[in-house]
Each structure stands twice: as structure tokens, then as C-alpha cells.
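Commentary on secondary and tertiary structure
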Amino acid sequence: NMMKDNNLVRHLEACETMGGATTVCSDKTGTLTQNKMKVVDGILLGQSIASNPTGFLSSPNVSKIARDTICSGIAVNSTARLVETAEGKTVFTGSKTECALLLYLQDAGIDYAPIRDAATVVELFSFSSESKRMCAVAETTDTLHAAAGSHILYVKGAADILLSMCTKHLSSNGEEKDFCAKLRKLYDDHLQDMGNRSLRCLALCYRVSDSATNWADTVSPDLVLVGLVGIQDPLRPEVKDAVLRCQQAGVTVRMVTGDSSSIARSIATSCGIFNEHRGDICLDGPTFRDMADEELLSILPNLRILARSSPTDKLKLVAALQNRGDVVAVTGDGVNDGPALKKADVGFAMGLSGTEVAKEASAIVLLDDNFASIVN
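Parameters and conventions
Residues numbered from 1 in each chain as written. Predicted model: local features only at pLDDT ≥ 70, side-chain atom pairs only at ≥ 80, totals over all residues. Heavy atoms only, no water. Helix = DSSP H or I, 4+ residues; strand = E, 2+ residues; numbered from the N terminus. Buried < 20%, exposed > 50% of the residue type's maximum accessible area, 1.4 Å probe, protein only. Contact = heavy atoms within 4.5 Å. Areas by Shrake-Rupley, 256 points an atom, 1.4 Å probe, with all protein chains shown as cover. 1 Å grid on protein atoms, 1.4 Å probe; cavity = no way out; pocket = protein on both sides within 12 Å on 5 of 7 lines; lining within 4 Å. Points joined across faces, edges and corners; volume = space filled by probe spheres on them. Pairing = 2+ DSSP bridges. Core = buried A, V, L, I, M, F, W, Y, C linked by side-chain atoms within 4.5 Å. Salt bridge = Lys/Arg side-chain N within 4 Å of Asp/Glu carboxyl O. Expected span 1.5 Å × (residues − 1). Disulfide = S-S within 2.5 Å. pLDDT = per-residue confidence, 0-100.

A count of helices and strands for the protein chain gives 14 helices and 19 strands. Residues classed as buried in the protein chain amount to 51% of the 376 residues present. Sequence separation of 24 or more characterises 63% of the internal contacts of the protein chain that already satisfy a separation of 6 or more. Looking at the protein chain as shown, the accessible area adds up to about 16900 Å², and 51% of this sits on carbon and sulfur atoms.

Here we come to the layout of surface pockets. Looking at the largest pocket, its volume works out to about 870 Å³. Forming the walls of the largest pocket are 28 residues, and the residues nearest its centre are Asn35, Lys36, Met37, Lys96 and Asp233. For the lining of the largest pocket, the secondary-structure elements that each account for two or more residues are β6 (90-93), α3 (96-107), β13 (223-232) and α8 (261-270).

When you tally the buried positions in strand β16 (residues 303-307), you get 5 out of 5 residues, the bulk of the element. Where strand β14 (residues 252-256) lies against β16, 2 bridges are found, and the strand directions are parallel. Its bridge partner lying in β16, Met255 is registered against Ile305. Alignment of strand β15 (residues 281-284) against β16, held across 4 bridges, turns out to be parallel. In the sheet register, Asp284 faces β16, and the bridge partner there is Ala307.

Turning our attention to empty space enclosed by the protein. Regions of empty space are outlined by a rolling probe, equal in size to a water molecule, passed over the atoms. With the rule as written, the count across this model stands at 1 cavity of 30 Å³ or more. Looking at the largest cavity, its volume works out to about 80 Å³. Along the walls of the largest cavity sit Thr69, Ile70, Gly73, Ile74, Asn77, Tyr154, Val155, Lys156, Leu204, Cys205, Tyr206 and Val226, which together make up its complete lining. Contributions of two or more residues to the lining of the largest cavity are made by α2 (64-76), β9 (151-158) and β12 (200-209). Considering each element in turn, the lining of the largest cavity owes the most residues, 4 residues, to α2.

The biggest cluster of nonpolar side chains holds 36 residues, and the ones touching the most others in it are Leu44 and Leu45. Elements with a contribution of two residues or more to this core: β3 (38-44), α2, α3, β9, β12 and β13.

Further remarks concern the pattern of salt bridges. According to the stated counting rule, one finds 13 salt bridges in the structure shown. Salt bridges linked by common partners bring Asp41, Asp193 and Arg197 together as one network.

Next up on the list: α3. Its 12 residues give α3 an end-to-end C-alpha distance of 16 Å, which sits within 8% of 16 Å, the value for a rise of 1.5 Å per residue. Within α3, 9 of the 12 residues are buried, leaving the element largely enclosed by the surrounding structure. Residues of α3 that are buried include every one of Thr97, Glu98, Cys99, Ala100, Leu101, Leu102, Leu103, Tyr104 and Leu105, and no others. Backbone geometry just after α3 places Gly109 at a positive phi near 80°.

Another point: the pairing of strand β8 (residues 133-139). Of all 7 residues in β8, 6 are buried, a share of seventy percent or more. Taken together, the 5 bridges between strand β7 (residues 121-128) and β8 define a ladder with antiparallel strand orientation. Bridge assignment links Glu123 to a residue of β8, and that residue is Val137.

The tally for this structure, following the rule as stated, stands at 0 disulfides. Here Cys205 is not cross-linked by a disulfide; its sulfur's nearest cysteine counterpart is in Cys166, at 3.7 Å. Judged by relative accessible area, Cys205 falls into the buried class, the value being 3%.

Let's shift gears to the confidence of the model for the protein chain. Mean pLDDT over the protein chain stands at 87; residues scoring 70 or higher make up 86%. Here strand β1 (residues 7-9) stands out as the element of the protein chain with the lowest mean pLDDT, 47, in contrast to strand β10 (residues 166-170), whose mean of 97 is the highest. A low-confidence stretch, residues 8-15 stays under pLDDT 50, and its non-local contacts, those more than four residues away or across chains, total 21 contacts.

Written out as C-alpha cells, the structure is:
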């Protein structure tokens, strides 16, 4: 019963075709992943939070002042917010990265709004692609660093740049300590590891002083490091098993995405679509576009990822696979996916995030946008 698996069948023969599919070309965002950016890793106050990111904030060995510094840095130095929709759903507005930080607080049972409302913000320096950081200056309070100065500057941004601006770090007991070489190496190594896994890495820092200066723009910023967080649109938990079930049934799963090769490779590796040691190939759109037909034919069997791809690339891939005798299933959610969905032997459109165009062009609509539903 396809309905039970959250699939809405628009053409009955599609079920039969789906049973004979030899390859699935899947979108990444929202189909294989959850389509929401989350804090999945990091180091805060000198301690790794990888095993339980949200639980860290309520851990008993984190002092109140250290916790408050983390929370107010996230809540105050941000323009994202949570809004209630007419249907009573809560949605974030603002940049996905900032929303991930607010969600991090929310998942830890902390409401950002009262913290933000209570702060007296003197100045906001919005994010710029040149400086790759965002800063806010607020007045200090009795419970938050007032003894050290009248103003606190919160800084968040590209981790590699900000790490070099820090001369101290905040420890879990709330004391500022010298940022020694050993600790710096711990942070650098963790940053490199998160980068290798294509996480978006942010550093959170601050500095207390008696002026509203944006120290990050001066020659000696002398910031205090609170920590690093790694943000990612995580895999849906059931996807890995679904991919395996396809492969065991002789169905090749391929990922087609507009994202960069490194992000695509990271997600595809973790869900079992891509394995370098197996000789799997990852191509980007521009390279794929310029390939001669013979060359394309020779790499197709091993092609598992098409990254930085356009809708026409997706269409070309479907056609090339069909030419070599594949029965192709395709997922898509956008207006631009229409041609590829129509060309496919069976098209799955996304019911939640999908456009009407995609739904019209497809044979089956996934009501929950979940790759596992296709496999069922």
C-alpha cells in the first residue's frame, strides 16, 4: 500500500515501473537530508560536544556564567527569529546558520527571546562577506561580566579567521584563561576535522571593555574564545538503511545536487551512496556538461554524484542512463525539475516542499519528502 508509505500515486502504472527501476536519481536537500541546519559538533569551553551537542548546555560542570555567556552571545548577536505561522507552526526566519544556533538553544530547552529582550544592544554590525563575521555590542549586566567593564562585544563568524583573533578562552567554570598552544592545537585539529566532513564552522567569541568599540575591526582584537560549532543539514536517520535496501535489490542510487562536491561527497559517503574505495565517481555539473557521449558512457556505471548541477544536467543524466538501458526513477521538488521528472520512467515529486509544476510532471508525490518512502 503506497499510501501508507506516504506516497500519493498519480499514475498507477508507475508502481509497476518503480518495481522495475534499475537506478534512482535523488535530490540531496530535504530528500536525503532533513532540510534544516543543525549544530551537530563542536568544542565549547574547551570541551568536545560531539557526543551530545544539546545536552552540553545543561551539564552540571558548566558554570552559570559560562552558560549565560554562550546563550547571550547566540541570542543577542543575531537577527534571526522564531515566528508562529497562521497554522500554528513555528518557523525560523533569517539566515539558516543563525537559525541553527537559535535551534541549538531551543533544543536545549532555552528560549532565546527573553535573553534578547533583556539585553541593551548599543550597536549591531551585520554580517559582511568581506569580514565573514557579525558583531553586537551590549551593556554588561550584574550577572554577566559587569565587574570587568561596561560593554560586551559578541562576535561570531568564520572559525579560521576568528581563532587567530583570540588570545584567551572561556573555561567551563567561567574564568578567562590564556589561549595556550596546546589548546589552540586542540581547536585547530577539531576545526580541520569538521571541515573535512564539510560542516559549516563558526567561532563564538566576546570581549568585555569600557567602550562600545568593535574590537574585531582593530589591530589587536584580543578576543576571548567561547568555542566552535559545526553546522550541517543532517541526514534523515532512516536514509542509510533505505539506500542499502536499494543496493541489495540491485538498484543504483545516485545523488544529484546543486551543492558543492565536498558537501555532496560528505553526505553521500555517510549514507552509503558514495564509496571512494569502490571506484565511485563524483562529477560537477560543468565537467559533466562538456563530456563527449563516449566518455560519458564509460563513466556512467560508476557515476554516483552529480554536484553543482543544473536542471538541464539532471535531464541529460536521465537521458544518458535511459540510453544505456536503465529504468530511471527521479526525485525532484522544484519548478526546474519538471523536465527531468517527465523524462524519467517514474518521477517522484515532493509533497511538502514541492512546487505544483514538479507534482504535475511526476507520477508519484512523496507526501513526506522522504527517500525511505520511495524505497518502500
